[in-house]
Amino acid sequence: MSRRAFGLTAVAVLALVAAACGNGGSSGGGTLVGLVTKTDTNPFFVKMKEGAQQAASSSGATVQSFAGKQDGDNQTQVDAIENLIASGAKGILITPSDSKAIVPSVDKARAAGLLVIALDTQLEPASAADATFATDNFKAGLLIGAWAKAKFATSGKQAKIALLDLNPNQVSVDVQRDQGFLQGFGVDVKDKNRIGDESDPRIVGHDVTNGDPSGGRTAMENLLQKDPGVSLVYTINEPAAAGAYEALKAAGKEKDVVIVSVDGGCPGVNNVKAGVIGATSQQYPLKMAQLGVEAVSKFAKDGSKPKDTDTGVTLITDQPAAGVESKDSAFGLQNCWG
């Protein structure tokens, strides 16, 4: 086979990989921007894709989107980056499933002249990307931790804490939310770059959820077996919180346990309104993706690179706590997604 024929075959294979990964694009031409998310089922990433497509429509760009098969699927993201390099993309917006393992692929993209912006989840190191557009995830955890601390101080109850994290990889967003929550609650986190090294006796344990309802339910069941007296549950996101609530309800404990979370999606805010979730930290994925597409479009025109951008976070609760700034579920529903 000639080199030219081999090259064409390789590009065709990459195109097939893209189709398998859920490749999609907005209408129009112009600057090609890649959006690579952890999954295409979580409403957070669905809204992110919507934001990217909206920004592309107004800036004359085209978005090709890819997603992992599940949270933690690094290989599919590697394949997506290879496809985007081969397709002549000007930039990639990525929410890394594994913030360390994806770095060599990101390095390759940047060496090929692409702008790479991490959305929602920092790379490790953060400098591996040209910029990060994200919620301050440590602050998101800190807010729900401070709220829970105030609530338990008012009630006089002793907390027994179950932490429902993302996956075993200890990716930056997982660590930051978990450690922010614990610090906000007043726990000595020791190394704030690592989950699970705390010795506080109030902590029942950690388990992983993959950020979805079924994982949240299983993790909650596991921790209830370890200690049926769990009274406070932290979850990485609201889908995991929904699963945790189902496990608590099945055990007849849903009225005895406070759940806090991070996301701010419409189903989660409705669960705040219904009393299922006590408080959640709302983030803004549509804004992350819109700003990302705009940054890549500008880079394509004049070569300018963006700086890190904090896209904001708001504590949503209908049970405000003294000293902890928050908005109610009505505000949350006006600004939610999904």
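Since this is a predicted model, take the numbers as computed values, not measurements. (Residues numbered from 1 in each chain as written. Predicted model: local features only at pLDDT ≥ 70, side-chain atom pairs only at ≥ 80, totals over all residues. Heavy atoms only, no water.)

(A) Local environment of helix H2 (residues 43-59). Taking 1.5 Å of rise per residue, the 17 residues of H2 would be expected to cover 24 Å, and the 24 Å separating its terminal C-alpha atoms lies within 8% of that figure. Those residues of H2 lying buried are Phe-44, Phe-45, Lys-47, Met-48, Gly-51, Ala-52, Ala-55 and Ala-56. Looking at the buried residues of H2, the elements they touch are strand E2 (32-37), strand E3 (62-67), strand E5 (115-119), strand E10 (258-263) and helix H10 (285-302). (Helix = DSSP H or I, 4+ residues; strand = E, 2+ residues; numbered from the N terminus. Expected span 1.5 Å × (residues − 1). Buried < 20%, exposed > 50% of the residue type's maximum accessible area, 1.4 Å probe, protein only. Contact = heavy atoms within 4.5 Å.)

(B) Region of interest: the pairing of strand E9 (residues 232-235). Going residue by residue along E9, you find Leu-232 and Tyr-234 tucked away on one face and Val-233 and Thr-235 tucked away on the opposite face as well. Here 4 bridges tie strand E7 (residues 161-165) to E9, and the two strands are oriented parallel to one another. Looking at the pairing, Leu-163 lines up with Tyr-234 of E9. Taken together, E9, helix H8 (residues 238-250) and E10 constitute a β-α-β crossover, and its handedness is right-handed. (Pairing = 2+ DSSP bridges. Right-handed = clockwise from strand over helix to strand, strands pointing away.)

(C) Summary view of the packing of helix H7 (residues 213-226) against H8. Axis separation between H7 and H8 bottoms out at 6 Å; the angle between their running directions is 45 degrees. Overall, the two elements H7 and H8 adopt an arrangement that is oblique. Where H7 crosses over H8, the two elements pack in a sense that is right-handed. Across the interface between the two elements, Pro-213, Gly-216, Arg-217, Met-220, Glu-221 and Leu-224 from H7 touch Pro-239, Ala-240, Gly-243, Ala-244, Glu-246, Ala-247, Leu-248 and Ala-250 from H8. Of the residues in the contact of H7 with H8, the class split is 9 nonpolar, 2 polar and 3 charged. (Axes fitted to C-alpha atoms, helices over the stretch in contact; angles between N-to-C directions. Parallel < 35°, antiparallel > 145°, perpendicular 65-115°, else oblique. Left-handed = near helix turned anticlockwise from the far one by under 90°. Nonpolar A, V, L, I, M, F, W, Y, C, P; charged D, E, K, R; others polar.)

(D) Spatial organisation of the pattern of salt bridges. For the coordinates displayed, the defined rule picks out 9 salt bridges. A salt bridge links Asp-130 to Lys-305; the shortest N-O distance between them is 3.2 Å. With a gap of 175 residues between them, Asp-130 in the loop between E5 and strand E6 (131-134) and Lys-305 in the loop between H10 and strand E12 (309-310) connect regions that are remote in the sequence. Owing to a relative accessible area of 15%, Asp-130 belongs among the buried residues under this scheme. A salt bridge links Asp-302 to Lys-298, with the shortest nitrogen-to-oxygen separation between them at 3.1 Å. Taken together, the residues Asp-302 and Lys-298, both in helix H10 and 4 residues apart, mark about one turn of the helix. For Asp-302, a relative accessible area of 48% translates into the label partly exposed. Through salt bridges with shared partners, one network takes in Arg-110, Asp-130 and Lys-305. (Salt bridge = Lys/Arg side-chain N within 4 Å of Asp/Glu carboxyl O.)

(E) Representation of the pairing of E2 in the model. Of all 6 residues that make up E2, 6 are buried, and the element is covered over most of its length. Every second residue of E2 is oriented toward a common face, with Leu-32, Gly-34 and Val-36 on one face and Val-33, Leu-35 and Thr-37 on the other, all of them buried. In this view, the connection linking E2 to its parallel neighbour E3 by way of H2 has right-handed handedness. Judged from the 4 bridges that link them, E2 and strand E4 (residues 91-94) form a sheet pairing that is parallel. What sits directly across from Val-36, in E4, is Ile-94.

(F) Main features of the sheet that holds E10. Across the sheet, 6 strands lie side by side as E8-E7-E9-E10-E11-E13; this open sheet has mixed pairing. Every other strand in the sheet has two partners, leaving strand E8 (203-208) and strand E13 (314-316) as the edge strands with one partner each. The mean angle between the axes of side-by-side strands here comes to 15 degrees, regardless of whether they run parallel or antiparallel. Here E10 runs beside strand E11 (residues 279-282); their pairing, made up of 4 bridges, is parallel. Residue pairing for E11: Ser-261 is matched across the bridge by Thr-280. Across the sheet, helix H6 (residues 172-185) is in contact with E7, E8, E9 and E10; its angle to E7 comes to roughly 160 degrees.

(G) The arrangement of the layout of surface pockets in detail. By volume, the largest pocket amounts to about 480 Å³. Lining the largest pocket are 31 residues, and of these Asn-42, Gly-211, Asn-237, Pro-239 and Asp-263 sit closest to its centre. Within the residue set of the lining of the largest pocket, elements represented by two or more residues are H2, H6, H8 and helix H9 (266-274). When grouped by side-chain class, the residues that make up the lining of the largest pocket number 11 nonpolar, 12 polar and 8 charged. In this structure, the second largest pocket spans a volume of roughly 300 Å³. As for the second largest pocket, its lining consists of 17 residues, of which Glu-254, Lys-255, Val-257, Val-258 and Gly-275 are closest to the centre. Elements that contribute at least two residues to the lining of the second largest pocket include exactly helix H5 (137-155) and E10. The biggest single contributor to the lining of the second largest pocket is H5, with 3 residues. Broken down by class, the residue content of the lining of the second largest pocket amounts to 8 nonpolar, 4 polar and 5 charged. (1 Å grid on protein atoms, 1.4 Å probe; cavity = no way out; pocket = protein on both sides within 12 Å on 5 of 7 lines; lining within 4 Å. Points joined across faces, edges and corners; volume = space filled by probe spheres on them.)

None of the figures reported here should be taken as evidence of function without further support.
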